[in-house]
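Listed below are the residues making up each chain.
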Amino acid sequence: MKQRIKLLVLSIGSLFLMSNMHSAFSDTATDAETLLNWAEKTFPQFFPSNQATQNIEPFLFRHYPETDIYVGVNQNDNGVYGLGGIWGNNPTFIDNLPNLLGQISNSGGNGDIAACDTTNTPAGISYSQSGNVISVTTNGQCVSVPDLNTTSICQVPQQTIASGISVLSSNTVTSSRMDGITTTVPGLPNPFQAIVDATASIKHCTINATSEAANQVVNSDLCFDITSALSALLADFTLEGISVTPPVNYFFTGTYMSQAVNDCFATDATTISDAFTGEAWVKQNGSFVKVGN
(Lines give C-alpha, C1' and ligand atoms only; values in the text may rest on other atoms or scores of the structure.)
Protein backbone atom coordinates (compact mmCIF):
# COMPACT_ATOMS: atom_id res chain seq x y z
CA MET A 1 0.00 0.00 0.00
CA LYS A 2 2.74 2.46 0.97
CA GLN A 3 4.53 1.83 -2.35
CA ARG A 4 1.32 2.43 -4.34
CA ILE A 5 0.72 5.71 -2.52
CA LYS A 6 4.31 6.78 -3.16
CA LEU A 7 4.10 6.00 -6.88
CA LEU A 8 0.89 7.99 -7.25
CA VAL A 9 2.23 11.02 -5.42
CA LEU A 10 5.47 10.83 -7.41
CA SER A 11 3.28 11.00 -10.50
CA ILE A 12 1.72 14.15 -9.10
CA GLY A 13 5.21 15.51 -8.55
CA SER A 14 6.04 14.87 -12.20
CA LEU A 15 3.46 17.52 -13.12
CA PHE A 16 5.98 20.07 -11.88
CA LEU A 17 9.33 18.32 -12.23
CA MET A 18 9.28 17.21 -15.87
CA SER A 19 9.71 20.82 -16.84
CA ASN A 20 11.99 23.72 -17.32
CA MET A 21 10.05 25.16 -15.17
CA HIS A 22 4.58 36.79 -10.24
CA SER A 23 3.16 39.09 -10.74
CA ALA A 24 -0.08 40.55 -11.95
CA PHE A 25 -0.26 41.60 -15.56
CA SER A 26 -2.42 44.29 -17.04
CA ASP A 27 -4.94 43.02 -19.60
CA THR A 28 -2.89 44.56 -22.41
CA ALA A 29 0.33 42.89 -21.27
CA THR A 30 -1.33 39.47 -20.95
CA ASP A 31 -3.01 39.82 -24.35
CA ALA A 32 0.28 40.91 -25.90
CA GLU A 33 1.95 37.75 -24.56
CA THR A 34 -0.81 35.62 -26.09
CA LEU A 35 -0.42 37.31 -29.47
CA LEU A 36 3.38 37.18 -29.56
CA ASN A 37 3.51 33.55 -28.41
CA TRP A 38 1.02 32.60 -31.14
CA ALA A 39 3.02 34.53 -33.73
CA GLU A 40 6.21 32.63 -32.85
CA LYS A 41 4.45 29.29 -33.24
CA THR A 42 2.54 30.22 -36.40
CA PHE A 43 5.09 32.23 -38.40
CA PRO A 44 8.56 30.85 -37.60
CA GLN A 45 9.85 32.25 -40.91
CA PHE A 46 9.48 35.73 -39.38
CA PHE A 47 9.81 34.93 -35.66
CA PRO A 48 12.18 31.93 -35.56
CA SER A 49 13.08 31.87 -31.84
CA ASN A 50 11.53 32.31 -28.42
CA GLN A 51 12.28 35.88 -27.35
CA ALA A 52 11.45 37.66 -24.11
CA THR A 53 9.05 40.60 -24.26
CA GLN A 54 10.66 43.98 -23.67
CA ASN A 55 8.95 47.11 -22.38
CA ILE A 56 9.95 50.54 -23.65
CA GLU A 57 6.99 52.85 -23.20
CA PRO A 58 4.57 52.75 -24.80
CA PHE A 59 5.58 49.49 -26.55
CA LEU A 60 5.60 45.88 -25.42
CA PHE A 61 7.69 44.20 -28.11
CA ARG A 62 10.01 41.37 -29.11
CA HIS A 63 13.08 41.52 -31.35
CA TYR A 64 14.16 38.59 -33.52
CA PRO A 65 17.86 39.02 -34.36
CA GLU A 66 17.80 36.24 -36.98
CA THR A 67 15.41 38.25 -39.17
CA ASP A 68 16.00 41.68 -37.54
CA ILE A 69 12.24 42.04 -37.10
CA TYR A 70 10.54 43.89 -34.27
CA VAL A 71 6.89 43.26 -33.46
CA GLY A 72 4.88 44.65 -30.58
CA VAL A 73 1.85 46.37 -29.10
CA ASN A 74 1.47 50.09 -28.50
CA GLN A 75 -0.19 50.30 -25.08
CA ASN A 76 -1.59 53.74 -25.84
CA ASP A 77 -3.71 52.74 -28.83
CA ASN A 78 -3.70 48.88 -28.58
CA GLY A 79 -2.26 48.79 -32.08
CA VAL A 80 0.06 45.99 -33.23
CA TYR A 81 3.08 47.16 -35.23
CA GLY A 82 5.91 45.52 -37.16
CA LEU A 83 9.35 46.89 -38.07
CA GLY A 84 11.97 45.33 -40.31
CA GLY A 85 11.71 42.50 -42.80
CA ILE A 86 8.45 42.65 -44.76
CA TRP A 87 7.44 45.79 -42.81
CA GLY A 88 10.41 47.87 -43.93
CA ASN A 89 12.32 50.52 -42.03
CA ASN A 90 9.38 52.32 -40.43
CA PRO A 91 6.90 51.04 -37.82
CA THR A 92 3.93 49.63 -39.74
CA PHE A 93 0.43 49.22 -38.29
CA ILE A 94 -0.76 45.61 -38.69
CA ASP A 95 -4.12 45.60 -36.86
CA ASN A 96 -5.47 46.36 -33.41
CA LEU A 97 -4.91 43.86 -30.62
CA PRO A 98 -8.56 42.84 -29.97
CA ASN A 99 -9.10 42.06 -33.66
CA LEU A 100 -6.03 39.86 -33.86
CA LEU A 101 -6.93 38.04 -30.64
CA GLY A 102 -10.37 37.37 -32.08
CA GLN A 103 -8.84 35.92 -35.23
CA ILE A 104 -6.55 33.68 -33.16
CA SER A 105 -9.50 32.42 -31.11
CA ASN A 106 -11.70 31.79 -34.14
CA SER A 107 -8.94 29.89 -35.92
CA GLY A 108 -8.28 27.63 -32.94
CA GLY A 109 -4.79 29.08 -32.62
CA ASN A 110 -2.62 28.36 -29.61
CA GLY A 111 -1.49 31.39 -27.63
CA ASP A 112 0.09 29.47 -24.77
CA ILE A 113 3.54 30.34 -23.54
CA ALA A 114 6.07 29.64 -26.29
CA ALA A 115 8.75 28.44 -23.86
CA CYS A 116 6.60 25.51 -22.69
CA ASP A 117 5.21 22.46 -24.42
CA THR A 118 1.61 22.64 -23.21
CA THR A 119 0.26 19.85 -25.43
CA ASN A 120 -0.89 17.67 -22.53
CA THR A 121 -1.73 20.41 -20.07
CA PRO A 122 -5.24 20.07 -18.55
CA ALA A 123 -7.85 22.66 -19.47
CA GLY A 124 -8.11 25.47 -16.94
CA ILE A 125 -4.39 26.18 -16.61
CA SER A 126 -3.21 29.55 -17.91
CA TYR A 127 0.29 30.87 -18.63
CA SER A 128 1.93 34.26 -18.78
CA GLN A 129 5.51 35.45 -19.15
CA SER A 130 7.48 38.55 -18.20
CA GLY A 131 11.10 38.37 -19.26
CA ASN A 132 12.45 35.07 -17.98
CA VAL A 133 9.66 34.62 -15.39
CA ILE A 134 6.81 32.27 -16.31
CA SER A 135 3.64 32.17 -14.21
CA VAL A 136 1.35 29.12 -14.25
CA THR A 137 -2.01 29.23 -12.48
CA THR A 138 -5.45 27.63 -12.27
CA ASN A 139 -6.82 31.01 -11.13
CA GLY A 140 -8.10 29.68 -7.82
CA GLN A 141 -10.01 26.78 -9.39
CA CYS A 142 -9.28 23.04 -9.08
CA VAL A 143 -8.92 21.43 -12.49
CA SER A 144 -9.24 17.74 -13.27
CA VAL A 145 -6.13 15.77 -14.18
CA PRO A 146 -7.07 12.87 -16.46
CA ASP A 147 -3.66 11.19 -16.60
CA LEU A 148 -0.94 12.01 -14.10
CA ASN A 149 1.64 10.07 -16.11
CA THR A 150 1.37 12.16 -19.29
CA THR A 151 0.47 15.60 -17.93
CA SER A 152 3.15 18.26 -17.67
CA ILE A 153 3.11 21.93 -16.71
CA CYS A 154 6.01 23.52 -18.56
CA GLN A 155 7.94 20.76 -20.29
CA VAL A 156 10.77 21.79 -22.61
CA PRO A 157 9.42 21.72 -26.18
CA GLN A 158 10.79 18.97 -28.43
CA GLN A 159 13.96 20.25 -30.07
CA THR A 160 14.98 19.69 -33.70
CA ILE A 161 18.71 19.97 -33.00
CA ALA A 162 20.99 18.90 -30.16
CA SER A 163 21.82 22.13 -28.32
CA GLY A 164 24.37 20.57 -25.98
CA ILE A 165 22.87 22.58 -23.11
CA SER A 166 21.95 20.76 -19.89
CA VAL A 167 19.70 22.43 -17.34
CA LEU A 168 18.94 21.38 -13.76
CA SER A 169 15.61 22.56 -12.32
CA SER A 170 14.80 22.55 -8.62
CA ASN A 171 11.79 23.63 -6.62
CA THR A 172 11.19 25.71 -3.51
CA VAL A 173 7.77 24.95 -2.07
CA THR A 174 5.81 27.87 -0.72
CA SER A 175 2.82 25.80 0.36
CA SER A 176 1.09 22.50 -0.37
CA ARG A 177 -1.87 20.64 1.00
CA MET A 178 -4.29 17.87 0.10
CA ASP A 179 -8.00 18.26 0.87
CA GLY A 180 -10.41 15.34 0.98
CA ILE A 181 -8.11 12.95 2.85
CA THR A 182 -7.96 13.58 6.58
CA THR A 183 -7.02 11.78 9.79
CA THR A 184 -9.68 11.05 12.40
CA VAL A 185 -7.26 10.21 15.20
CA PRO A 186 -5.67 13.19 16.99
CA GLY A 187 -1.94 13.31 16.33
CA LEU A 188 -2.05 10.81 13.45
CA PRO A 189 -0.23 12.35 10.46
CA ASN A 190 -1.79 12.27 7.02
CA PRO A 191 0.32 9.71 5.11
CA PHE A 192 -0.58 11.21 1.74
CA GLN A 193 0.43 14.71 2.80
CA ALA A 194 3.66 13.43 4.29
CA ILE A 195 4.64 11.82 0.98
CA VAL A 196 3.62 14.93 -1.00
CA ASP A 197 5.88 17.05 1.21
CA ALA A 198 8.74 14.54 0.91
CA THR A 199 8.60 14.48 -2.90
CA ALA A 200 8.15 18.23 -3.38
CA SER A 201 11.88 18.90 -3.61
CA ILE A 202 12.66 16.37 -6.36
CA LYS A 203 14.95 17.79 -9.06
CA HIS A 204 14.76 17.31 -12.84
CA CYS A 205 17.53 17.75 -15.41
CA THR A 206 16.98 18.39 -19.12
CA ILE A 207 19.53 17.49 -21.80
CA ASN A 208 19.59 19.53 -25.04
CA ALA A 209 17.47 22.28 -23.53
CA THR A 210 17.05 25.71 -25.08
CA SER A 211 19.39 28.49 -24.00
CA GLU A 212 16.39 30.34 -22.51
CA ALA A 213 15.67 27.38 -20.22
CA ALA A 214 18.96 27.91 -18.38
CA ASN A 215 17.68 31.18 -16.98
CA GLN A 216 13.99 30.50 -16.40
CA VAL A 217 11.92 30.95 -13.27
CA VAL A 218 8.52 29.24 -13.10
CA ASN A 219 6.09 30.41 -10.42
CA SER A 220 3.11 28.10 -9.93
CA ASP A 221 -0.18 28.54 -8.08
CA LEU A 222 -2.23 25.45 -8.88
CA CYS A 223 -5.00 23.19 -7.67
CA PHE A 224 -5.69 19.74 -9.13
CA ASP A 225 -8.74 17.58 -8.57
CA ILE A 226 -7.06 14.16 -8.39
CA THR A 227 -10.15 12.20 -7.29
CA SER A 228 -10.41 10.29 -10.56
CA ALA A 229 -6.67 9.63 -10.77
CA LEU A 230 -6.69 8.20 -7.25
CA SER A 231 -9.97 6.29 -7.58
CA ALA A 232 -8.39 2.83 -7.84
CA LEU A 233 -6.25 3.47 -4.79
CA LEU A 234 -9.07 5.02 -2.79
CA ALA A 235 -11.25 1.95 -3.44
CA ASP A 236 -8.68 -0.15 -1.57
CA PHE A 237 -7.82 2.42 1.07
CA THR A 238 -9.13 1.08 4.38
CA LEU A 239 -6.49 2.17 6.90
CA GLU A 240 -8.07 2.90 10.25
CA GLY A 241 -8.00 6.52 11.25
CA ILE A 242 -8.09 7.85 7.68
CA SER A 243 -11.19 9.52 6.28
CA VAL A 244 -11.61 10.02 2.54
CA THR A 245 -14.22 12.54 1.42
CA PRO A 246 -14.11 13.30 -2.33
CA PRO A 247 -13.26 15.47 -4.09
CA VAL A 248 -9.58 15.03 -3.33
CA ASN A 249 -7.82 18.28 -4.26
CA TYR A 250 -4.09 18.92 -4.30
CA PHE A 251 -3.01 22.56 -3.81
CA PHE A 252 0.48 23.70 -4.66
CA THR A 253 2.40 26.98 -4.82
CA GLY A 254 6.10 27.17 -5.46
CA THR A 255 8.97 28.45 -7.56
CA TYR A 256 11.16 26.45 -9.91
CA MET A 257 14.55 27.85 -10.83
CA SER A 258 16.89 26.45 -13.47
CA GLN A 259 20.65 26.57 -13.93
CA ALA A 260 23.02 25.27 -16.60
CA VAL A 261 25.11 22.21 -15.62
CA ASN A 262 27.87 20.28 -17.39
CA ASP A 263 26.37 16.79 -17.12
CA CYS A 264 22.87 15.82 -16.00
CA PHE A 265 24.09 12.37 -14.98
CA ALA A 266 26.55 13.94 -12.53
CA THR A 267 23.82 15.91 -10.70
CA ASP A 268 21.51 15.00 -7.84
CA ALA A 269 18.48 15.04 -10.15
CA THR A 270 15.78 12.43 -9.63
CA THR A 271 14.68 12.40 -13.28
CA ILE A 272 16.38 13.28 -16.58
CA SER A 273 14.91 13.86 -20.04
CA ASP A 274 16.44 14.65 -23.43
CA ALA A 275 14.52 17.36 -25.30
CA PHE A 276 16.10 16.28 -28.61
CA THR A 277 15.86 12.46 -28.53
CA GLY A 278 12.85 12.16 -26.22
CA GLU A 279 14.71 9.71 -23.94
CA ALA A 280 14.11 9.74 -20.19
CA TRP A 281 15.81 8.33 -17.09
CA VAL A 282 14.79 7.84 -13.47
CA LYS A 283 17.19 7.42 -10.55
CA GLN A 284 16.85 4.05 -8.85
CA ASN A 285 19.17 2.81 -6.10
CA GLY A 286 21.64 5.59 -6.81
CA SER A 287 21.85 5.03 -10.60
CA PHE A 288 19.92 6.40 -13.56
CA VAL A 289 17.77 3.81 -15.34
CA LYS A 290 16.44 4.53 -18.80
CA VAL A 291 12.66 4.56 -18.96
CA GLY A 292 11.33 1.94 -21.39
CA ASN A 293 14.35 -0.36 -21.13
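Residues numbered from 1 in each chain as written. Predicted model: local features only at pLDDT ≥ 70, side-chain atom pairs only at ≥ 80, totals over all residues. Heavy atoms only, no water.

Asker: Please explain the overall build of the chain as it appears in this structure.
Answerer: Helix and strand counts for the chain come out as five helices and 15 strands. Counting all 293 residues of the chain, 46% fall into the buried class. In the form shown here, the chain has an accessible surface area of approximately 14,200 Å², with 51% of it arising from carbon and sulfur atoms. (Helix = DSSP H or I, 4+ residues; strand = E, 2+ residues; numbered from the N terminus. Buried < 20%, exposed > 50% of the residue type's maximum accessible area, 1.4 Å probe, protein only. Areas by Shrake-Rupley, 256 points an atom, 1.4 Å probe, with all protein chains shown as cover.)

Asker: Please clarify how the nonpolar core should be interpreted in this entry.
Answerer: Generally speaking, nonpolar side chains in soluble globular proteins are found buried as a group. Residues Ile 125, Val 136, Ile 153 and Phe 224 are the most contacted members of the largest nonpolar core, which totals 20 residues. Here this core takes five residues from strand 12 (residues 242–261), the largest share from any one element. Counting residues in hydrophobic clusters, the runner-up holds 18 residues, among them Leu 36, Trp 38, Val 71 and Val 80. (Core = buried A, V, L, I, M, F, W, Y, C linked by side-chain atoms within 4.5 Å.)

Asker: In this structure, what is going on with the pairing of strand 11 (residues 217–225)? I would like to understand it.
Answerer: Where a strand is regular, its side chains alternate between the two sheet faces. A large share of strand 11 lies buried, amounting to eight of its nine residues. The pairing of strand 7 (residues 133–137) with strand 11 spans five bridges and is classified as parallel. For Ser 135, the partnering residue across the bridge sits in strand 11 and is Asn 219. By the bridge criterion, two bridges tie strand 8 (residues 143–144) to strand 11 in an arrangement that is parallel. By the bridge assignment, Ser 144 is partnered in strand 11 with Asp 225. As defined by bridge partners, strand 11 adjoins strand 12 across nine bridges and the pair is classed as antiparallel. Along strand 12, the bridge assignment pairs Val 218 with Tyr 256. (Pairing = 2+ DSSP bridges.)

Asker: Would you take a moment to explain the packing of aromatic side chains for this structure?
Answerer: For any pair of aromatic rings, the description rests on two quantities: the centre-to-centre distance and the angle between the ring planes. All told, the structure shown has 12 aromatic pairs when counted by the stated rule. For the pair Trp 38 and Phe 43, a centre-to-centre distance of 5.6 Å together with 85° between the ring planes defines the contact as edge-to-face. In this structure Phe 43 comes out as partly exposed when scored by relative accessible area, which is 30%. Ring centres of Tyr 250 and Phe 252 lie 6.4 Å apart, and the angle between their planes is 35°; this geometry places the pair in the tilted category. (Phe/Tyr/Trp six-rings, centres within 6.5 Å; stacked < 30°, edge-to-face > 60°.)

Asker: Would you mind going over the pairing of strand 14 (residues 280–284) with me for this structure?
Answerer: Note that strand 13 (residues 271–274) and strand 14 share three bridges and pair antiparallel. Directly across from Ile 272, in strand 14, lies its bridge partner Trp 281. Linkage of strand 13 to strand 14, two consecutive antiparallel strands, is achieved through a turn of five residues, within which Gly 278 is found at a positive phi near 85°. Where strand 14 lies against strand 15 (residues 287–290), four bridges are found, and the strand directions are antiparallel. The residue of strand 15 that forms the bridge with Gln 284 is Ser 287. Turn length for the strand 14-strand 15 hairpin, with the two strands adjacent in sequence and antiparallel, is two residues, and the turn residue Asn 285 shows positive phi of about 55°.

Asker: Looking at this model, I keep getting lost on the environment of Ser 220. Mind explaining?
Answerer: Judged by relative accessible area, Ser 220 falls into the buried class, the value being 4%. Apart from the residues within four sequence positions on either side, Ser 220 is in contact with Val 136, Phe 252, Thr 253 and Gly 254. (Contact = heavy atoms within 4.5 Å.)

Asker: Help me out: how do you make sense of the state of the cysteines in this one?
Answerer: This structure, assessed with the given rule, holds two disulfides. Across the disulfide from Cys 205 sits Cys 264; the S-S distance is 2.0 Å. Measuring handedness by torsion sign, the sulfur bridge of Cys 205 and Cys 264 sits at about -75° and is left-handed. Linking Cys 205 in strand 10 (residues 204–207) with Cys 264 in the loop between strand 12 and strand 13, this pair joins segments that are 59 residues apart in sequence. (Disulfide = S-S within 2.5 Å.)

Asker: Can you walk me through the pattern of salt bridges in this structure?
Answerer: For side chains of opposite charge, pairing can occur when their charged atoms come near one another. Evaluated as defined, the whole model comprises five salt bridges. Note that Arg 62 is salt-bridged to Glu 40, the shortest N-O span being 2.8 Å. Residue Arg 62 is found in strand 2 (residues 59–64), and its partner Glu 40 is found in helix 2 (residues 27–42); the two are separated by 22 residues along the sequence. For Arg 62, a relative accessible area of 0% translates into the label buried. A relative accessible area of 8% places Glu 40 in the buried class. Between Lys 290 and Glu 279 there is a salt bridge, and its shortest N-O distance comes to 2.4 Å. In this pair, Lys 290 sits in strand 15 while Glu 279 sits in the loop between strand 13 and strand 14, placing the two residues 11 residues apart along the sequence. For Lys 290, a relative accessible area of 28% puts it in the partly exposed group. By sharing partners, the salt bridges in this structure join Glu 33, Glu 40 and Arg 62 into a single network. (Salt bridge = Lys/Arg side-chain N within 4 Å of Asp/Glu carboxyl O.)

Asker: Looking at this structure, I do not really get unusual backbone geometry. What am I missing?
Answerer: Backbone phi values are negative for most residues with the exception of glycine, while trans is the configuration of most peptide bonds. The step from Glu 57 to Pro 58 runs through a cis peptide bond, and the omega angle for that step is 5°. Residue placement: Pro 58 occurs in the loop between strand 1 (54–56) and strand 2. A positive phi angle, near 60°, is found at Asn 208, a position not held by glycine. Structurally, Asn 208 can be placed in the loop between strand 10 and strand 11.

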